[in-house]
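Observations on chain architecture
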Amino acid sequence: MRLTILGCGGSEGCPQIGGADGAGDWGELDSAEARNVRTRPSVVFSSEQGRHLLVDTGPDLRTQLVANRVPRIDSVIYTHAHADHIAGLDEIRILNRILGAPMPAYAAQAVWAELRQRFDYAFKPWAGGANFFRPVLETHVIEPPQVVDIAGLDVRVFRQDHGYISTLGVRVGGIAYCTDVKRLDEAAFLALEGVEVFVVDCFTRVEEHPSHANLAQVLAWVERIRPRRTILTHLGPSMDWGWAARSLPAGVELAYDGMVVGAG
Ligand SMILES: [Zn+2]
């Protein structure tokens, strides 16, 4: 089983729109470092059997799947309904054509309610055959804590505190993907016990953010969970690659778009 980081940026991506000459606003990041170019947050878990579970459908989904040579998606899971995690939902239309069927998709009830409101056409009954002219989702409700078989993978979901709303943490085997999190509770620590690779939201270096962890918070979690490897994602405009390479403790590193990690 392996995990591919399709995108490790924050909600604005990097560089974000703007900059003095309009060529992009890099914040504190070195524009000459290719690993500071970051698309919106998403990952795919791939099984030994070649089945692919996509986590979220962000606005950069098309370019992410092509760049990372992901030929098909067998199932989708949504962590929450913020735009940087759902705005690429229309790309499921093409994934439907490849699959030849409605896309099995998993989310909490509250997330489905919001997605139905924003993309109502994707949830109408489908009787159009295999030539999908709109995205078609086959919805499954999951509520944490739960373990569910998705695309042949044992997927454990647990609740995370994202400030104003809750999100799903996702664990498959030895790899956990904890995006968009500010606080973890005891149930989350239980779900993370013995995890080998901890991929975790770290939007800011030192600033307190209302809905995302900063580095001090993440390092406190690492102290408790003790993963073999910690990979920081959902990176904001202070999380420079060169700074991180010089400064982070052993076993902790930044993600980059296209990074692939394996675990049992
Ligand atoms: Zn986000």
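Residues numbered from 1 in each chain as written. Predicted model: local features only at pLDDT ≥ 70, side-chain atom pairs only at ≥ 80, totals over all residues. Heavy atoms only, no water.

1. Side note on the sheet that holds strand β9 (residues 166-172)
Counted only if it meets this: Note on pairing: DSSP must find at least two bridges between two strands before they are called paired. Labels follow the DSSP assignment, with helices taken as runs of H or I lasting at least four residues and strands as runs of E lasting at least two, numbered in each case from the N terminus. Angles shown run from 0 to 180 degrees and are taken between the N-to-C directions of axes, each axis being a line fitted to C-alpha atoms and, for helices, limited to the stretch in contact. Only heavy atoms enter the contact rule, under which two residues are in contact if any of them lie within 4.5 Å.
On the basis of which strands lie adjacent, the open sheet formed by 7 strands has the order β7-β8-β9-β10-β11-β12-β13 and mixed pairing. With one partner strand each, in any of the chains shown, β7 (146-150) and β13 (252-254) form the two edges of the open sheet. In this sheet, neighbouring strand axes are inclined to one another by 25 degrees on average, regardless of whether the strands run parallel or antiparallel. In the packing of helix α6 (residues 215-225) onto the sheet, contacts are made with β11 (197-201), β12 (229-233) and β13, and the angle to β11 comes to roughly 155 degrees.

2. So, the sheet that holds strand β3 (residues 52-55)
The 7 strands are arranged β6-β5-β4-β3-β2-β1-β14 in an open sheet whose pairing can be described as mixed. Looking at which strands have only one partner, the edges of the open sheet turn out to be β6 (137-141) and β14 (260-262). The mean inter-strand angle of the sheet, taken between neighbouring strand axes irrespective of direction, is 25 degrees. Relative to β3, strand β2 (residues 42-46) runs antiparallel, the two being bridged by 4 bridges. Note on β3: the bridge partner recorded for F45 is L53.

3. Some thoughts on the side chain of S46
The line we're drawing: Burial here depends on accessible area, computed with a 1.4 Å probe over protein chains only, as a share of the maximum for the residue type. Under 20% is buried, over 50% is exposed, and the range in between is partly exposed. Polar contacts, as counted here, are pairs of nitrogen or oxygen atoms within 3.5 Å of one another; within protein the pair requires one atom able to donate a hydrogen and one able to accept it, and residues that are adjacent in sequence qualify only if both atoms are side-chain atoms.
Examined against the element boundaries, S46 turns out to sit in strand β2. Residue classification places S46 among the buried residues on the basis of a relative accessible area of 2%. Reaching out from S46, the side chain makes a polar contact with the side chain of H52 at a distance of 2.8 Å. Discounting residues that sit within four places of it in the chain, S46 has contacts with M1, R2, R51 and H52.

4. Re the coordination of the zinc ion
Applicable threshold: Ligating atoms shown are N, O and S within 2.8 Å of the metal, or 3.2 Å for Na, K and Ca, and water is not included, meaning a site may look less than complete. Geometry assignment treats four donors as tetrahedral when all angles are between 85 and 135 degrees, treats four as square planar and six as octahedral when opposite donors are over 155 degrees apart and all others between 65 and 115, and treats everything else as irregular.
Only D84 (OD), H85 (NE2), D180 (OD) and H234 (NE2) from the protein coordinate the zinc ion, and they sit 2.2 Å from it. Classification of the site at the zinc ion rests on its 4 donor atoms, whose angles at the metal span 90 to 167 degrees, yielding the label irregular. Every donor residue of the zinc ion comes from the same chain, spaced as D-H-x94-D-x53-H. Taken together, the residues H85 in helix α2 (residues 83-86) and H234 in the loop between β12 and α7 (241-247) connect sequence positions 149 residues apart. H85 gets classed as buried once you look at its relative accessible area, which sits at 0%.

5. Regarding the packing of aromatic side chains
Aromatic rings considered in pairs are described by the distance between their centres and by the relative angle of their planes. Formally: For Phe, Tyr and Trp, where Trp contributes only its six-membered ring, two rings pair if their centres lie within 6.5 Å, and the inter-plane angle classes them as stacked under 30 degrees, edge-to-face over 60, or tilted in between. For a lysine, the NZ atom is tested; for an arginine, the CZ atom; a charge sits over a ring if that atom is within 6 Å of the ring centre and within 35 degrees of the ring normal.
Throughout the structure, instances matching the rule amount to 6 aromatic pairs. Ring plane angle 75 degrees and centroid distance 6.1 Å describe the contact between Y78 and W112, whose orientation is recorded as edge-to-face. Note that Y78 is positioned in the loop between β4 (75-77) and α2 and W112 in helix α4 (residues 109-118), a separation of 34 residues in sequence. For the pair formed by Y78 and W112, the shared burial category is buried. Consider the rings of W241 and Y256, whose centres lie 5.9 Å apart with planes at 75 degrees: the pair is edge-to-face. Of this pair, W241 sits in helix α7 while Y256 sits in the loop between β13 and β14, and the two are 15 residues apart along the sequence. Among the aromatic residues, ring-to-ring pairing joins Y78, W112 and F123 into one connected group. The residue whose ring lies beneath R205 is W243, and the NZ or CZ to ring-centre distance is 4.1 Å.

6. A word on the nonpolar core
Operational definition: Here, nonpolar core means buried Ala, Val, Leu, Ile, Met, Phe, Trp, Tyr and Cys residues that are tied together by side-chain atoms lying within 4.5 Å of each other.
Judged by nonpolar contacts, the single largest core of 57 residues is most densely connected at F45, I77, V155, I175, F198, W221 and L232. Broken down by element, this core gets its largest block of residues, 5 residues, from α6. Setting aside its immediate chain neighbours within four residues, V155 contacts L53, I77, Q146, V147, V148, I150, V170, R171 and V172. Counting residues in each nonpolar core, the second largest holds 25 residues, with V70, L89, W112 and A122 among its members.

7. A short note on the layout of surface pockets
Threshold: The method works on a 1 Å grid over the protein atoms by themselves. A cavity is a set of points holding a 1.4 Å probe that cannot get out, a pocket is an open set with protein on both sides within 12 Å along at least five of seven lines, and residues with an atom within 4 Å of a point line them. Grid points are joined across faces, edges and corners, and a volume is the space filled by probe spheres set on the points. The residue classification treats Ala, Val, Leu, Ile, Met, Phe, Trp, Tyr, Cys and Pro as nonpolar and Asp, Glu, Lys and Arg as charged. All others, Gly included, are polar.
Estimated volume of the largest pocket: approximately 210 Å³. Looking at the largest pocket, it is lined by 15 residues, and the ones nearest its centre are H80, A110, V111, I165 and S166. Of all elements in the fold, only α4 and β9 reach the threshold of two or more residues within the lining of the largest pocket. A per-class count over the lining of the largest pocket returns 7 nonpolar, 5 polar and 3 charged.

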